[in-house]
Protein chains: 4
Amino acid sequence: MAPLTGAEVAKHSKADDCWVIVHGKAYDVTDFLPEHPGGPKIIVKYAGKDATDEFDPIHPPDTLDKYLPKDKHLGPVDMATVAKVKTEESPEEKDRLQRVKEMPLLEQCYNLLDFEAVARRVMKKTAWGYYSSAADDEITLRENHSAFQRIWFRPRILVDVEKVDFSTTMLGTPSSIPFYVTATALGKLGHPEGEVVLTRSAHKHNVIQMIPTLASCSFDEIIDAAGPGQIQWLQLYVNKDRAITQRIVQHAERRGCRGLFITVDAPQLGRREKDMRMKFTEQGSDVQSGQATDTSQGAARAISSFIDPSLSWADIPWFQSITKMPIVLKGVQRVEDVVRAAEAGVQGVVLSNHGGRQLDFARSAIEVLAESVPVLRSLGLENKLEIYVDGGVRRATDILKALCLGAKGVGIGRPFLYAMSAYGQDGVDRAMQLLKDEMEMGMRLIGARNVGELSEGLVDARGLFNHAAPPVDNLAQAVYDPLVNPGQRKAKL
Amino acid sequence: MAPLTGAEVAKHSKADDCWVIVHGKAYDVTDFLPEHPGGPKIIVKYAGKDATDEFDPIHPPDTLDKYLPKDKHLGPVDMATVAKVKTEESPEEKDRLQRVKEMPLLEQCYNLLDFEAVARRVMKKTAWGYYSSAADDEITLRENHSAFQRIWFRPRILVDVEKVDFSTTMLGTPSSIPFYVTATALGKLGHPEGEVVLTRSAHKHNVIQMIPTLASCSFDEIIDAAGPGQIQWLQLYVNKDRAITQRIVQHAERRGCRGLFITVDAPQLGRREKDMRMKFTEQGSDVQSGQATDTSQGAARAISSFIDPSLSWADIPWFQSITKMPIVLKGVQRVEDVVRAAEAGVQGVVLSNHGGRQLDFARSAIEVLAESVPVLRSLGLENKLEIYVDGGVRRATDILKALCLGAKGVGIGRPFLYAMSAYGQDGVDRAMQLLKDEMEMGMRLIGARNVGELSEGLVDARGLFNHAAPPVDNLAQAVYDPLVNPGQRKAKL
Amino acid sequence: MAPLTGAEVAKHSKADDCWVIVHGKAYDVTDFLPEHPGGPKIIVKYAGKDATDEFDPIHPPDTLDKYLPKDKHLGPVDMATVAKVKTEESPEEKDRLQRVKEMPLLEQCYNLLDFEAVARRVMKKTAWGYYSSAADDEITLRENHSAFQRIWFRPRILVDVEKVDFSTTMLGTPSSIPFYVTATALGKLGHPEGEVVLTRSAHKHNVIQMIPTLASCSFDEIIDAAGPGQIQWLQLYVNKDRAITQRIVQHAERRGCRGLFITVDAPQLGRREKDMRMKFTEQGSDVQSGQATDTSQGAARAISSFIDPSLSWADIPWFQSITKMPIVLKGVQRVEDVVRAAEAGVQGVVLSNHGGRQLDFARSAIEVLAESVPVLRSLGLENKLEIYVDGGVRRATDILKALCLGAKGVGIGRPFLYAMSAYGQDGVDRAMQLLKDEMEMGMRLIGARNVGELSEGLVDARGLFNHAAPPVDNLAQAVYDPLVNPGQRKAKL
Amino acid sequence: MAPLTGAEVAKHSKADDCWVIVHGKAYDVTDFLPEHPGGPKIIVKYAGKDATDEFDPIHPPDTLDKYLPKDKHLGPVDMATVAKVKTEESPEEKDRLQRVKEMPLLEQCYNLLDFEAVARRVMKKTAWGYYSSAADDEITLRENHSAFQRIWFRPRILVDVEKVDFSTTMLGTPSSIPFYVTATALGKLGHPEGEVVLTRSAHKHNVIQMIPTLASCSFDEIIDAAGPGQIQWLQLYVNKDRAITQRIVQHAERRGCRGLFITVDAPQLGRREKDMRMKFTEQGSDVQSGQATDTSQGAARAISSFIDPSLSWADIPWFQSITKMPIVLKGVQRVEDVVRAAEAGVQGVVLSNHGGRQLDFARSAIEVLAESVPVLRSLGLENKLEIYVDGGVRRATDILKALCLGAKGVGIGRPFLYAMSAYGQDGVDRAMQLLKDEMEMGMRLIGARNVGELSEGLVDARGLFNHAAPPVDNLAQAVYDPLVNPGQRKAKL
C-alpha cells in the first residue's frame, strides 16, 4: 500500500473526522477524541496535521499502540508531502533562543540552584511552567526548601576524616551516595530524549533511579537504557483497573526493578495555577473580549485521569500478594501513617508532599521526619521500615540533615530535570558530581566518617517546627495597597 | 399636578433652602439637613440638582419613604428639563475605563485573590477604598489572612476518597459547602444592582446568605430576590430605638429569615484612614493652602450613627423574647465571651473582628477559634452552640483549617464583593465554583470523605499563636530613614 | 555708652580674640572657648559675627547671663552696622522650602505618624537628624515601636460603652488621658518658640508636661507659659555639682512642679551616627581629600558634658531630703531595678530606654513592663510605686496596651515635636485630639468603660518576648553582596 | 655571574620549560609545577615573565627559599631588560580607581561596618571576593552577625560609672580591651605590607594579635614587627608532616608567642562559590562557547593542600608534649567538644565556625557559647578553660554580649582587614579606637564598671536559639517566579 499523502490526511481536519500524523504515521482518532485524558481540543488543533512535536513530550512512544485500536492505524505518510506547520517565531521565543546562545558554560554552575537558574532562562515557557509550578500559592513548594534552613549543624571536631565514605544501601541494594533520582513526569518537555538521560547519569554515578509512571519515555525504554547492575525502582500511580496495575507491577519485577513505590498522595492531581495561567496566555493571546476560551488545567490534568482515588489501606495486602519487590508508600505525610505503614508490613515510606504540587500547606517531608522518628523509636518500630524523604533538597547539607534525623536516603527530582533541560546529560552528570563533592566536604566538616555516624546529635532541629515566617503569599501581597502618609499638595501658581 | 421643572428645583440650591432630585422626584430636605447621618455637606453639594448617582449606593430605595415626612415629597420632575451634571472625566477615570476595557477574561481568574486583583484595577477608587480599607494600620486586616498560613496540614493517606461530600448544615439548615456569604455594607458601590446579585449566586450554589443591615438594597428586595427554599439570615446592628429593632427582627422572621446575627463588635464604627484619605483627596484637590476642608470620615461614619453603643449582655434575654430565630452573636473575640454566650443560651457565635475594620490588633478569628474550642470541651460546652469564623478566608484550604479546628462554617465577604464588582453575577458564580473545586480537591488530598471527618488531627496549628512577625507597619517604615554608610566625596577637579 | 558697631566686633574674629553677637549684644568669649561644652570650633566659626541663629535652638536665653562673667558682656551692638551673613541658599534648602509650600493641610494628618512624615519633609536636615536619630544601629529605636505590635487585643463584647471615660491621675494629679508630654531636648530646632508651644497644647488638652533640663526655652519661660492649674513635672539631668542640682530642684518645687523625674539612663549621652554623619556632610562638603575635619559628635555631646556619671542609688536619700515632690526614676530598664526603686521609697519609675538614643539593644519599655508587673505582684509591691513607660507610642492602642499591662501612663515625646515642627501649636493640638479620638474608639472597641477596667485579660502579650525578627540592620545589609547565579556570556559575533 | 636578561628568561615560557621572575630573581619551576598547591596553570600563565605581583599576596617572602631546591634558583635578573607586562586597564578597574579617589575621609567612618562599605568599593574585586566570601549560601556568614541581634540588654541603672575599666587578661597576659586580632589569611590582598600593619595597630592599642599560618608576610616578619612587650599568639594549621608542625610550634615558642591556637574546624578548606564565580569571570571572560575553562576554586584551595584531615583528639597529648605555650582549640562548635577539651587539659577553646567559610549552617559562636557555659557550670568545669568566640563581631555591644554570656574575649578578623584595605594602618587604628569608644559608652550604659561585672543578668538571650527567620537564601529566591494575578488583555483596536 502506498503511503498516504499530506493532502489526504489534511482532508480529515475536523472534530467529527479527525486524523493526525505522529512520527510519520497517520491515525484516525475521531472516535478516541472524547476519551482523550487531555481533552479533545488539543487534538483537534492538529486535526489533519503532523502532531508529533506536541505528542512527544507527554506520551511514551508506545501509547498509540497500547491505546488506539489497530484498525485506526492508517499507516505511513509520505512526509515530504506534508505541509510544514509554519510556526512564526514569537518575539518571546526569539529572546529565548538568544538566551540559549548566551547561556553560561556548564563549568559556571557551582550548585544545584545554578542549573535551575539557567533552565529558567533557556527552557520553553510552558515546559518551565509545568516543571516549576506547584499547588495553590506554592507555599509548600517553598517551605520544602526553607524547612531545611531551620536546621543547623553541631559539628564534631578532631575526628580523623582523612577518609570519608558516604556510600550506603537502600532497600538492600548499594548506592554510592544516599540520594536517588526520584520520579518526575514528562521528561521530554525538558530534553528530547527524556528520562533515559537521567538513567545514563544515574548509572555513571552509581545512583538509583525511580522510574515514573508518567514518563515521556516508555517504561521499557528506560529499563533498556540502564547499564549492567544498575538499580531501578518503579513509581506507581495505581490504575482504576487493577488488572492493568498488576500487569505493570509484574512486568517491572520481571524486568528487574528492585522496589515498588506506590504513590499515595495523589488521589487527584493538584491544580497548578502558574501552569494554567501560562497555558492560558499562550492559547488565549488573540481571544476577543468576552469570548470563552479553553480552560484546560495544564499538563497535569491531561495525564492523570486514570488514577484511582479509592486506593486505600485495604489494597496493600493485594500489592504484597502480586509482587516480591519491596513495597514503599510514597507520599506519607504524618507520623500516624508512618506507624500504620510499619504495621502493614511494607518495607518503607517516602515522606513527601509531591514537591508541593498537591496540597498546599502540607508540611515539608523533613518536618514529618523529625516528627516521626522519635515516635517510631518509642514504639520500637524504628527498624521495621526505611524512611525516605523528598522535596526541597538542593545541597549535600540537606542530605546530611535528613540522614542525621533518621532518613535512609533522599529523593531528588526537579534539580536533575533542570540540569538535563539546560545542559543534557553533561548537566546531570555535573549536578551529581557537585553533590558528591559537597557531600565529601560536608562529611569532613561535620566530623562523620560514614553514614552510620550521621546522628541526631549533629544537628539542632529545634527551630524546624517553628512556622512563624512562612513563605510569602505573593498574590495576597500584590493586591494589598500599603497605607501611605499624606501627599504634598500642588502649590498654587 | 404638572411635574416640576429642573429650573424650579434649581432655585432651591442652598443650605437654608435645599431641594434635591432622586430617581426623578424632588424632595425638600432643608429641615432634614442637620439630621443627615452623613452630615449636611454632602447633600448641599447637590442642592437644586439630581443627586441620584450619589444617593443610590449608600441608601436603600425605601429610605426617603421611611425617613422623610410625606409633605417634603414634592413630586415628579420632568427630567428632560434638568441640566445634566457635566462631570468632566478625570485622567484617572479615563485610565480606569481603559483598564475596564482591557480587564482579564473571567476564565483567567483561578482563585479568589484574582478577583480582588481585577476589582482593584477596575473599581472606582472611592468604592475600592471603602471595601478594602480597615482600621488604623490595617494590621488585623492582613493578620486575618496570614494567620491561616501559620496552620499546616497533616493529611491522611490511603483513604478511599473517590466520593467526597462537603455538604453540611448550619443552624439546622442545609448548605452545599461550609461557607456562607456574610453581611457587607453598600453593595451598590461595587455593582449597580447591589446585594441581590449575591442572593442569586447564593441560590445557584445552594449557599446561605446573611443579609446586611447596611445594604444598598432594601431588606425586602433582598428577600424577594431569593429563590425557592433559599436560606437567608439577618445581620443586625442594634438601633438605639429598640422599637425599630424589634420591628426589623420580627419582620425578618416573618419573611422567613432563619437566623439572627447580632453584631457585637461595633458599638462605634471604626475609623479607616485609607478611606478617609481617599475621600479627602477627591474633595480636597482644589483646596487652597491653609483653608479648612471637609474632614468627613468616609462612608462608614455616614451610615452608622444609629448604632447603639450601650448594647450589653443584659439585652440578650429581650432578643430571645422577641424572636424564635436562632440567635448568633457576631463579633465575639475571646474565649471568655464564647463561654458566656453558651451560658446565655444563644445558638451560636461568629468569631470575627469585622474584617479588621474595627479594632486594629484584634486577633484573627481562627486564632480565637483555636483558643476557644479546647476550653469549651473542657467545660463540656462544645455542643451548646455553633461556632463560625470570618475574616481572611481566600482558599478552600482556609475553610478546611477552620473546620478541622472546630468551626461549623466560615463567612466570606469581601471576595464575593470583589468578584461582583469586577464581573457581576458571573464573577460571584465563578468564585463560588472555584471554592467548590478547591474544596473537593482539598478534601481528597487531606483524606477526609465528609465534614465530619475534618478533625484537629489533620492540622498542625502550633504556630498559630506565634506573633513574631506581624504584618508590616507601612506608615512607620515609610518615615524611617535607614542608616547609610559614608558616601563618596566629589573629587576635586 | 554708644552701642558697638559691627566693624568693631568684626575685628575680634579669631580664636585668641573672639567676640560674638547674640540677640543684639556683644560678648567676649575668648576665655570661655575651652570650656564650651560644644567645643570651641563652632563658636570660632562665628567669631566677630552675629551668632544668634546658631545660638538660639541649643541655649536657653538665660545661658549667657548664667555662665559668662559680667565683665565679658560688652553691651549692645548697632545691628544696622552688622554685615548680614549671606548664606547662599543651597539647592537642598530650596527644595525644602518648596516642600514647605506644598506640605499637606493639617487636616490631612490622621495619626501621629503622619506628622512625622510631614516633619521629615519640611524640617531642616540637621534638626530632623537630631530629633530622629538614635544609638548605633537604631535597633532599639525601632523595636520600641514594633514591640507594641507583638501585643494583640482580647476585646470584651456586649459591655455598655455608651459613655467611656479615660481620664486618670498620675502622681496624684488629674489628667484627661493617660499620657504625658515627656521631656525632649532642643525644642527650638523644630519651632522658633520651642517648648512653650507644647506647654500651651498640654494646657488646652489638660495633659501633663514634663519640662526637660535641656530645653531651648528656659525653665522659667516654660513654667510661665503654663495655664492656671496646669500640671508640670521636672526632668532632671543630675549635675556633677550637687549644689546646682539642689538649686534646680528646689526652684522647680517652688515654681509648682509636681514631680521630679531623675534621668538614670544617661551617665553619658549616646552616640548617634546618623546625626554625626549629617553634621559632617554639612561641614565637610568642601573638605579636600586627606585633610582632617571636625569630628564633633552632633548636638547631643555639645549639651551634656555636665551630667554626672557617678550618680548612684546612694544619692537617692539625698534627693528625698531636698524636695517634697514625688520622685520618679526615669530610664529604669529591668525588673530588678524596679524592685529596688520600690524598696528605695521613690514614688515611681519610668521604664524607658531614652527613645533608643542611649544603649542600642536595650529592650523596649513595654517589654520591661510585662517583665516587671508580675514580679512586683508576687512581691506585694505593685502598689508601692507608679510605673510609666515611654518610647514608640504612636497610637491610642499602644496606650491601651501599656495600661492593660499595668502602666499608670505613657510618655510621648518625638510625635509632639514632629507635629510642632510641621504645624506649630495647631499641629500639637491636633495630634493630641487624634489620640483622644482614637482612645475613645479604642476603649469602646476593647470593651472598657474606664481606665480601671483596662486589665491583663484584654491583651495577649505572649509574643512580646519573642525577638526572632529584630529590626533590620541596614548597615550590615548594605555591605552584603548577595550570591548570584551564573551570568550570561556575551555571544561571539 | 652576570644577571640574566629578560630575553633569556622569556625563552622558558612553557609548561615543560618554565622559568619565572620573582622580586628580581629568576627561578626554574618546571619540576615544581605539578606540586604547586594552587595548581600549575596559574604559574604557567607567567612562564618567562615577572610573576611578582601575582606571587606576593599569597606567598610569604621566604616561600621560595623554603620550598624550591637551591639549584633551581637561577639568580638575579636585570629588570631593566624585562618587558613590562602591559595590563590594559579594564573599564571596571578604571571605575575602581575613580572610586578610590573619591573615597570617604577616614573621619567619616563611625563604626566597623563603615570600613567594610568603603573596602567593598575600593578593593580589587578578587581580593574583596576572597575576604568577603563564605561557604555555600553564606547563611552562617550572616547568621554570625545576626545572632548577636537576638540578644538584648538588661542594663543596670544608678551604678557609679564615672570610671569604667574594660581591660582584661587573656591566657594570663593583659589586654587593654577584651578582643584580639584573629588570624586571617592573605593580608597582602588588601594592603601591600600585609599582616604587619595589623601588628603595628595591635601594639599601639595594646591588643593581642593571632598570627595566621596562611599570612602573606612570613611568620618572622610579623614577629619582628611587634613592639616591646607586645603579645602575639600562633594560629596553626596542622601539617600532614608532623615534623614541620613541630618546627613551626617550637620556633613560635622560641620567638615569644604566648599561645598556640590549633585550628580544628578545617580538615578541608571550604568551597566559596562567590570567590570561585568571581575568579571564573576574570579568567573566563573571553572563553568561547563550549570550551572548557579553568575551574580552580579560588584562593582558598590553592593555599591549603597541606592541611591534615586526620588530626584528632589523639594528637592533643603530642602537642602538649612539644610546647609549654597554652594550647587553645580554635573552631569548637558544640558543647560536647567544649567539655572534651576541658577534659583533655587544654587551656582554652575558640568557639568559631571559621567566619562562615567552612560548613554552612554551622551555628554562630555566640549561640554555642550560650549552650556551653551552663553545661560547663553544671559539671564544675567553668574554670578549667577560657572560652573565646569569633565571627560577626562588629560593635562593642557584641563584645559585651559575649562577655556577659561567659566569654573571656572575642576575636575580630575581617573588620580589621577591611579597615586596612581601605585606609592602611590609620584605618585599623581608627577601627580599634572606635571599638574602645563604643566599649566605654557601652560599659557605662549597661552599668558595669569592669569586665568582672559583665554577667548573664545583664542580657536577655532567650531569643538566641530561635531560628525562625534565617538569613535569606538569595540563590533560591532568585530562581523563584512569584505567582502573579491575571494580566490585562490588549484591547482590540
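Residues numbered from 1 in each chain as written. Chains lettered and ligands numbered in written order. Predicted model: local features only at pLDDT ≥ 70, side-chain atom pairs only at ≥ 80, totals over all residues.

- As annotated in an unreviewed UniProt entry, chain A carries the name L-lactate dehydrogenase (cytochrome) and comes from Staphylotrichum tortipilum.
- Quoted verbatim from the Subcellular location (unreviewed entry) heading of the UniProt record, the comment on chain A is "Mitochondrion intermembrane space". (UniProt positions renumbered as here; feature names shortened; annotations may be inferred.)

### Quick notes on the overall build of chain A
Then step 1. Helices and strands together make up the secondary structure of chain A, namely 19 helices and 16 strands.
Then step 2. For 493 residues, the compact-globule estimate of 2.2 N^0.38 gives 23 Å, and chain A sits close to it at 25 Å.
Then step 3. Each principal axis of the C-alpha distribution contributes one length, and for chain A these read about 90 × 75 × 45 Å.
Then step 4. Within chain A, buried positions represent 53% of all 493 residues.
Then step 5. Here the analysis covers contacts within chain A between residues at least 6 apart in sequence; of these, 75% occur between residues at least 24 apart. (Helix = DSSP H or I, 4+ residues; strand = E, 2+ residues; numbered from the N terminus. Rg over C-alpha atoms; globule rule 2.2 N^0.38 Å. Buried ≥ 20, exposed ≤ 12 C-beta atoms within 10 Å, placed from the backbone. Contact = placed C-beta atoms within 7 Å.)

### A closer look at the relation of the copies chain D and chain C
Then step 1. Least-squares fitting of chain D to chain C yields an RMSD of 0.1 Å, with the superposition described by an axial translation of 0.0 Å and a rotation of 90°. When the rotation and shift are considered jointly, the pair of chain copies conforms to a four-fold rotation axis.
Then step 2. With a heterologous cut-off of 20% or less, the 15% of interface residues of chain D that recur at the interface of chain C puts this contact in the heterologous class. (Least-squares fit on C-alpha atoms with pLDDT ≥ 70 in both.)

### Some points on the environment of Leu113(B)
Residue and element names in this part refer to chain B.
Then step 1. Of note, Leu-113 is situated in helix α6 (residues 112-122).
Then step 2. The class of Leu-113 is buried, set by 24 C-beta atoms lying within 10 Å.
Then step 3. As a C-alpha pair, Leu-113 and Ala-431 span 318 residues in sequence and 9.7 Å in three-dimensional space.

### Some thoughts on the sheet that holds strand β2 (residues 17-22) of chain A
All names here are of chain A.
Then step 1. Strand order in the open sheet formed by four strands is β1-β2-β3-β4, with antiparallel pairing between adjacent strands. A strand with exactly one partner marks an edge of an open sheet, and here the two such strands are β1 (13-14) and β4 (73-76).
Then step 2. Note that strand β3 (residues 25-28) and β4 share three bridges and pair antiparallel. When the bridges of β4 are listed, Tyr-27 appears paired with His-73. (Pairing = 2+ DSSP bridges.)

### A closer look at the interface of chain B and chain C
Then step 1. Counting residues at the interface gives 49 residues for chain B and 49 residues for chain C.
Then step 2. Those elements that provide at least two residues to the side of chain B that touches chain C are α12 (273-284), β12 (327-332) and α19 (474-479) of chain B.
Then step 3. Taken together, the residues that form the side of chain B that touches chain C break down as 25 nonpolar, eleven polar and 13 charged. (Nonpolar A, V, L, I, M, F, W, Y, C, P; charged D, E, K, R; others polar.)

### Notes on the relation of the copies chain B and chain C
Then step 1. Turning chain B through 90° and shifting it by 0.0 Å along the axis lays it on chain C, with an RMSD of 0.1 Å.
Then step 2. Different-surface contact between copies: only 14% of interface residues of chain B are shared with the interface of chain C.

### Some words on the domain arrangement of chain A
A common way to state how big an interface is: give the accessible area lost once the parts meet.
Then step 1. According to the domain assignment, chain A consists of domain 1 (6-81) and domain 2 (127-279 + 299-468).
Then step 2. Averaged C-alpha coordinates put domain 1 of chain A and domain 2 of chain A at centres separated by 35 Å. (Domains from an automatic or database assignment.)

### Observations concerning the interface of chain D and chain C
Then step 1. In this complex, chain D contributes 48 residues to the contact, which on the side of chain C involves 49 residues.
Then step 2. Elements with a contribution of two residues or more to the side of chain D that touches chain C: α6 (112-122), α8 (139-148), β6 (152-153), α12 (273-284), α18 (414-446) and α19 (474-479) of chain D.
Then step 3. The element contributing the most residues to the side of chain D that touches chain C is α18(D), with five residues.
Then step 4. Of the residues belonging to the side of chain D that touches chain C, the class tally is 19 nonpolar, twelve polar and 17 charged.

### Focus: the pairing of strand β14 (residues 386-390) of chain A
Residue and element names in this part refer to chain A.
Then step 1. Of all five residues that make up β14, five are buried, and the element is covered over most of its length.
Then step 2. Taking every second residue as pointing to the same face, both faces of β14 are buried, with Glu-386, Tyr-388 and Asp-390 on one and Ile-387 and Val-389 on the other.
Then step 3. As paired strands, strand β13 (residues 348-351) and β14 are joined by four bridges and run parallel to one another. Within β14, the position partnered with Val-350 by the bridge is Tyr-388.
Then step 4. Of the crossover connections in this fold, the one passing from β13 over helix α16 (residues 365-378) to the parallel β14 is right-handed. (Right-handed = clockwise from strand over helix to strand, strands pointing away.)

### Considering the packing of helix α15 (residues 335-344) of chain B against helix α16 (residues 365-378) of chain B
All names here are of chain B.
Then step 1. Two elements in contact, α15 and α16, have axes separated by 9 Å at closest approach and are oriented at 45°. Put simply, α15 runs oblique to α16. Where α15 crosses over α16, the handedness of that crossing is right-handed. Here Val-335, Val-338 and Val-339 of α15 come into contact with α16, specifically with Glu-371, Ser-372, Val-375 and Leu-376. (Axes fitted to C-alpha atoms, helices over the stretch in contact; angles between N-to-C directions. Parallel < 35°, antiparallel > 145°, perpendicular 65-115°, else oblique. Left-handed = near helix turned anticlockwise from the far one by under 90°.)

### Some thoughts on the sheet that holds strand β14 (residues 386-390) of chain B
All names here are of chain B.
Then step 1. Here eight strands make up a closed barrel; going around it, the order is β8-β9-β10-β11-β12-β13-β14-β15 and the pairing parallel. For this sheet, the mean inter-axis angle between neighbouring strands, taken without regard to orientation, is 30°.
Then step 2. Two elements, strand β11 (residues 260-263) and β12, share four bridges in a ladder whose sense is parallel. Bridged to Phe-261 within β12 is Val-328.
Then step 3. Each of β12 and β13 (348-351) is contacted by α15, which is oriented at about 170° to β12, the strand it contacts most.

### Let's talk about the nonpolar core
Then step 1. One finds Leu369(A), Leu369(B), Leu369(C) and Leu369(D) to be the most contacted residues of the largest nonpolar core, which totals 549 residues.
Then step 2. With residues near it in sequence (within four places) discarded, Leu369(D) still touches Leu351(D), Ile387(D), Val389(D), Ala402(D), Leu405(D), Gly406(D) and Ala407(D). (Core = buried A, V, L, I, M, F, W, Y, C linked by C-beta atoms within 7 Å.)

### Quick look at the confidence of the model for chain A
All names here are of chain A.
Then step 1. The predicted model of chain A has a mean per-residue pLDDT of 91, with 93% of residues at 70 or higher.
Then step 2. Per-residue pLDDT stays below 50 along residues 282-299; that stretch engages in 28 contacts with residues further than four places along the chain or on separate chains.
Then step 3. This complex was scored by the predictor with a pTM of 0.92 and an ipTM of 0.91. (pLDDT = per-residue confidence, 0-100.)

### Considering helix α9 (residues 196-204) of chain D
All names here are of chain D.
Then step 1. Where burial is concerned, most of α9 is hidden: seven out of the nine residues are buried.
Then step 2. By the burial criterion, the buried members of α9 are Val-196, Val-197, Leu-198, Thr-199, Arg-200, Ser-201 and Ala-202.
Then step 3. Those residues of α9 that are buried are in contact with β9 (179-181), β10 (208-211), α10 (219-224) and α18.
Then step 4. Within two residues after α9, Asn-206 carries a phi angle of roughly 55°, on the positive side.

### Considering the environment of Asn485(D)
Then step 1. Mapped onto the elements, Asn485(D) comes out in the segment after α19.
Then step 2. Exposure remark for Asn485(D): the 23 C-beta atoms within 10 Å place this residue in the buried category.
Then step 3. Residues in contact with Asn485(D), not counting those within four places in the same chain, are Leu475(A), Ala478(A), Val479(A), Leu113(B), Asp114(B) and Ala117(B).

### Some words on helix α7 (residues 125-132) of chain A
Then step 1. With respect to burial, α7(A) is a largely interior element, six of its eight residues being buried.
Then step 2. All buried positions along α7(A) are accounted for by Ala127(A), Trp128(A), Gly129(A), Tyr130(A), Tyr131(A) and Ser132(A).

### Details of unusual backbone geometry
Then step 1. Positioned with a positive phi, Asp136(C) is a non-glycine residue whose angle comes to about 45°.
Then step 2. The buried category is assigned to Asp136(C), around which 28 C-beta atoms lie within 10 Å.
Then step 3. Phi is positive for His354(D), close to 65°, though the residue is something other than glycine.
Then step 4. Topologically, His354(D) is positioned in the loop between β14 (348-351) and α16 (365-378).

### Some remarks on the pairing of strand β15 (residues 386-390) of chain D
Side chains on a regular strand alternate between the two faces of the sheet.
Residues and elements named next belong to chain D.
Then step 1. Relative to strand β16 (residues 409-412), β15 runs parallel, the two being bridged by three bridges. Within β16, the residue paired with Val-389 across the bridge is Val-410.
Then step 2. For the crossover from β15 across helix α17 (residues 396-404) to β16, the handedness is right-handed.

### Quick notes on the environment of His12(A)
Then step 1. Positionally, His12(A) belongs in the loop between α1 (6-10) and β1.
Then step 2. Ignoring any residue separated from it by four or fewer positions in sequence, one finds His12(A) in contact with Asp17(A), Cys18(A), Trp19(A), Ala47(A) and Gly48(A).

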